[in-house]
Amino acid sequence: KRSLYVPHLASVPLFLVRGNHEGENGFNMYNDSAAAYAEGRDMPTTSARARRAVFDQPEPDHFYTGNDEDYPFVGKMNNWYAFEWGDALFVALDFFRHTTTCDYPKNFKGEKDHFCSPSGWDYTLGAAQYSWLGETLENSDANHKFIFIHHLTQPRGGAQDIPYYEWGGYAPAKKTGALEWEFDAMRPGWPKPVHEVLVENGVDIVFHGHDHVWAFEPREEEGIVYQEVPKPNQWAWNTSIGSCQAGEYSNCLPSSGYVKVDVSEGDFRVEYIREVFDPKTGRRDGERSGEVMCGYTVTERPGNTHLVDADASCYTSKWTSL
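Residues numbered from 1 in each chain as written. Predicted model: local features only at pLDDT ≥ 70, side-chain atom pairs only at ≥ 80, totals over all residues. Heavy atoms only, no water.

Visitor: Could you clarify how one ought to interpret helix α3 (residues 43-54) in this entry?
Guide: Each α-helix turn comprises 3.6 residues. Residues three or four places apart therefore point the same way. Between its first and last C-alpha, α3 extends 17 Å over 12 residues, near the 16 Å set by a 1.5 Å rise per residue. Listing the buried residues of α3 in full gives Pro44, Thr45, Ser47, Ala48 and Arg51. Each buried residue of α3 sits inside an arc of 165° when the element is viewed along its axis, so together they form one side. When the buried face of α3 is taken as reference, the exposed residues oriented beyond 90 degrees from it are Ala53 and Val54. (Helix = DSSP H or I, 4+ residues; strand = E, 2+ residues; numbered from the N terminus. Expected span 1.5 Å × (residues − 1). Buried < 20%, exposed > 50% of the residue type's maximum accessible area, 1.4 Å probe, protein only. Arc of directions from axis to C-beta.)

Okay, structure coming up:
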């Protein structure tokens with residue numbers, strides 16, 4: 001992969017957002033042994049050190065803000081950060097390092113290393129990141145505010161998961177499944193769920209991933225868009241279609257492709273550019289690649305409200321094979 005990055009990184013900045021495959025999950029910190037953790041040989045610590053050795057990421061200074069805590073064997077973690085460029089604020093969040101507890105299968109009897117699966121209230125930004133997020137958004141005068149996060153408090157799905165857990169404050173009751181407010185009990189001292197913080201501070205769009213599809217989910221009444229981003233290098237167009245078929249998203253299209261965002265003073269445009277792999281040549285199909293599968297423009301209006309003008313192709317009630 002290094003050979004793919006190196007030719008471009010001299011002129012194109014690369015900003016990382018923690019995901020579930022980086023090995024920096026806080027809940028794996030103590031799995032090896034107490035000795036491994038004490039000596040910095042646990043997976044989250046060694047993974048963070050490897051990342052820092054290869055990728056130069058934002059560290060709090062006069063330009064960037066973010067996690068300024070010093071961690072044993074690592075130093076600055078550089079796992080959540082923000083900066084302004086032009087008329088836009090960019091905020092990268094990390095749901096993994098500070099998620100230190102998780103559930104194990106009830107019938108599991110072996111080693112726990114690879115079977116821990118966080119769910120529900122396990123996922124957390126942590127108090128420090130949560131407070132910093134609110135202050136960063138509130139103190140910014142940027143006309144556009146963009147959030148980047150790997151996934152919400154439920155790994156699968158986008159806007160439909162807003163009501164749940166740390167993101168929305170509700171959780172399904174064990175007996176009935178009806179949503180019940182648990183935020184005050186589960187996050188004592190936190191003013192409000194994350195989604196409310198974003199809406200009240202005029203966040204334009206939340207870019208998130210994990211499911212490898214494109215899903216355009218505007219919430220115009222709140223002035224925010226939830227945008228699932230596709231995988232840019234998937235060989236077969238329909239490989240990731242399961243998330244669309246399962247109904248976890250609205251306006252869902254499969255991968256492969258990339259997202260292009262053009263920002264101007266009063267609006268910005270987001271486009272999904274299709275990329276096609278030719279199995280016969282083993283290379284990019286130049287004739288079929290480059291098509292705009294969906295594009296929409298978000299225009300600022302007074303009172304943190306937005307007007308979303310989307311192409312007709314963006315509104316899909318059912319996925320189609322292309």
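Visitor: What is the right way to look at unusual backbone geometry in this model?
Guide: The phi torsion of most residues other than glycine is negative, and most of the peptide bonds are trans. Residue histidine 210 is not a glycine yet carries a positive backbone phi of 90°. Mapped onto the fold, histidine 210 is located in the loop between β9 (205-208) and β10 (213-219). Judged by relative accessible area, histidine 210 falls into the buried class, the value being 15%. Positive phi is not limited to glycine here, since histidine 212 has a value of about 60°. In this fold, histidine 212 is placed in the loop between β9 and β10. A residue is classified by how much of its surface remains accessible, and histidine 212, at 34% relative accessible area, is partly exposed.

Visitor: Got a minute to help me understand the sheet that holds strand β12 (residues 252-254) in this structure?
Guide: Backbone-to-backbone hydrogen bonds pair the strands of a sheet. The strands run either parallel or antiparallel. Pairing in this open sheet of eight strands is mixed, and the strands run β1-β4-β5-β6-β9-β11-β10-β12 from one edge to the other. The outermost strands of the open sheet, each flanked by one partner alone, are β1 (65-66) and β12. Where strand β4 (residues 81-85) lies against strand β5 (residues 88-92), five bridges are found, and the strand directions are antiparallel. Within the sheet, the bridge partner assigned to tryptophan 85 lies in β5 and is alanine 88. This element, helix α4 (residues 127-139), spans β1, β4, β5 and β6 (144-149) of the sheet and lies at about 175° to β5. (Pairing = 2+ DSSP bridges. Contact = heavy atoms within 4.5 Å. Axes fitted to C-alpha atoms, helices over the stretch in contact; angles between N-to-C directions.)

Visitor: Whenever I open this one, the pattern of salt bridges confuses me. Can you help?
Guide: Close approach of charged atoms allows side chains with opposite charge to pair. Tallying each qualifying case throughout the model produces 13 salt bridges. Measuring nitrogen to oxygen at the nearest pair gives 4.0 Å for the salt bridge that ties arginine 18 to glutamate 24. Owing to a relative accessible area of 2%, arginine 18 belongs among the buried residues under this scheme. Put simply, Arg18, Glu24 and Arg51 are held in one network by salt bridges that share partners. (Salt bridge = Lys/Arg side-chain N within 4 Å of Asp/Glu carboxyl O.)

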